[in-house]
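Observations on the three-dimensional arrangement
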Amino acid sequence: MIERILERTFLLFLSSGFAKTNTDQIAKHIGISKRTLYKYYDTKDKLIDSVFELMRSKVQTKFDKVLQDKAKDPIDRLKEILFFISDLGSKMSKTFAKDIEMVRPDLFITMREFRKQRILSLADLLREGQKAGQIRKDVTPELTIDILLAAVDGILNPTYLFQSPYSNTMAFDAIVTIFLEGVQEKY
């Protein structure tokens, strides 16, 4: 039941944000009573914290699984992770991004650091791709990942998201495309 509550709440928060989403709306979206919701989470903040912990856990699990899958070549694993990041980012509404920054700056800082650590872990994958001849040899993995991180941070900035005429999907797709075209060895 807890996982169902967290999964459904996460999807609701992604689309609608969480600042103005009340527990009645959450319970209705999950398909449970408000009383049942309070049985597991007696405050909305505890629910928010648990939703974010689940999200971090799922992202970490996905990264670990893909990075350790040596049956796939490095460029395919890099693409899988970048498309995963892009897909997750494309589901995030502008309201959700703004809520994190304005209502729960502690989560904003935590999520930004978590994202940074996950993206920095891709430097080893770039080195592996260089050895396999898939990633350009003239690319410095750490600098390249810093550039990717700066681009993602710039797009995930709530101020940018609210002022941009582009959807999250368009922005993330552009980052992934430009990044991959820039690092891949041309055949």
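In what follows, the structure referred to is the one given above.
Residues numbered from 1 in each chain as written. Predicted model: local features only at pLDDT ≥ 70, side-chain atom pairs only at ≥ 80, totals over all residues. Heavy atoms only, no water.

1. Observations regarding the packing of aromatic side chains
Tallying each qualifying case throughout the model produces four aromatic pairs. When the centroid spacing of 6.2 Å and the interplanar angle of 80 degrees are considered together, the rings of Phe18 and Phe96 count as edge-to-face. With Phe18 in the loop between helix H1 (2-16) and helix H2 (23-30) and Phe96 in helix H6 (residues 94-103), this pair connects stretches of sequence that are 78 residues apart. Side by side, Phe18 and Phe96 carry an identical accessibility label, which is buried. An aromatic cluster of at least three residues, connected via ring pairs, comprises Phe13, Phe18, Phe52 and Phe96. Sitting over the face of the ring of Phe114, Arg118 holds its NZ or CZ atom 4.6 Å from the ring centroid. (Phe/Tyr/Trp six-rings, centres within 6.5 Å; stacked < 30°, edge-to-face > 60°. Helix = DSSP H or I, 4+ residues; strand = E, 2+ residues; numbered from the N terminus. Buried < 20%, exposed > 50% of the residue type's maximum accessible area, 1.4 Å probe, protein only. Lys NZ or Arg CZ within 6 Å of the ring centre and 35° of its normal.)

2. Observations regarding a nonpolar patch on the surface
On the surface, a nonpolar cluster with roughly 260 Å² of combined accessible area is contributed by Met1, Ile2 and Tyr40. With respect to the element layout, Ile2 can be found in helix H1. Its relative accessible area of 40% is what places Ile2 among the partly exposed residues. (Patch = residues over 30% accessible without salt bridge, like charges linked within 9 Å, V, L, I, M, F, W, Y side chains within 5 Å. Areas by Shrake-Rupley, 256 points an atom, 1.4 Å probe, with all protein chains shown as cover. Salt bridge = Lys/Arg side-chain N within 4 Å of Asp/Glu carboxyl O.)

3. Observations concerning H1
Residues three or four positions apart in an α-helix share a direction because the helix packs 3.6 residues into each turn. Between its first and last C-alpha atoms H1 spans 21 Å; for 15 residues at 1.5 Å apiece the expected length is 21 Å, and the two agree. For H1, every residue scored as buried is listed here: Ile5, Leu6, Thr9, Phe10, Leu12, Phe13 and Leu14. One or two positions beyond H1, positive phi appears at Gly17, with a value near 80 degrees. (Expected span 1.5 Å × (residues − 1).)

4. A closer look at the environment of Ala19
Residue placement: Ala19 occurs in the loop between H1 and H2. Residue Ala19 is classed as partly exposed on the basis of its relative accessible area, which comes to 34%. Here Ala19 is in contact with Lys44, Asp99 and Val103, once residues within four sequence places are set aside. (Contact = heavy atoms within 4.5 Å.)

Any functional reading would require information that these geometric values do not contain.
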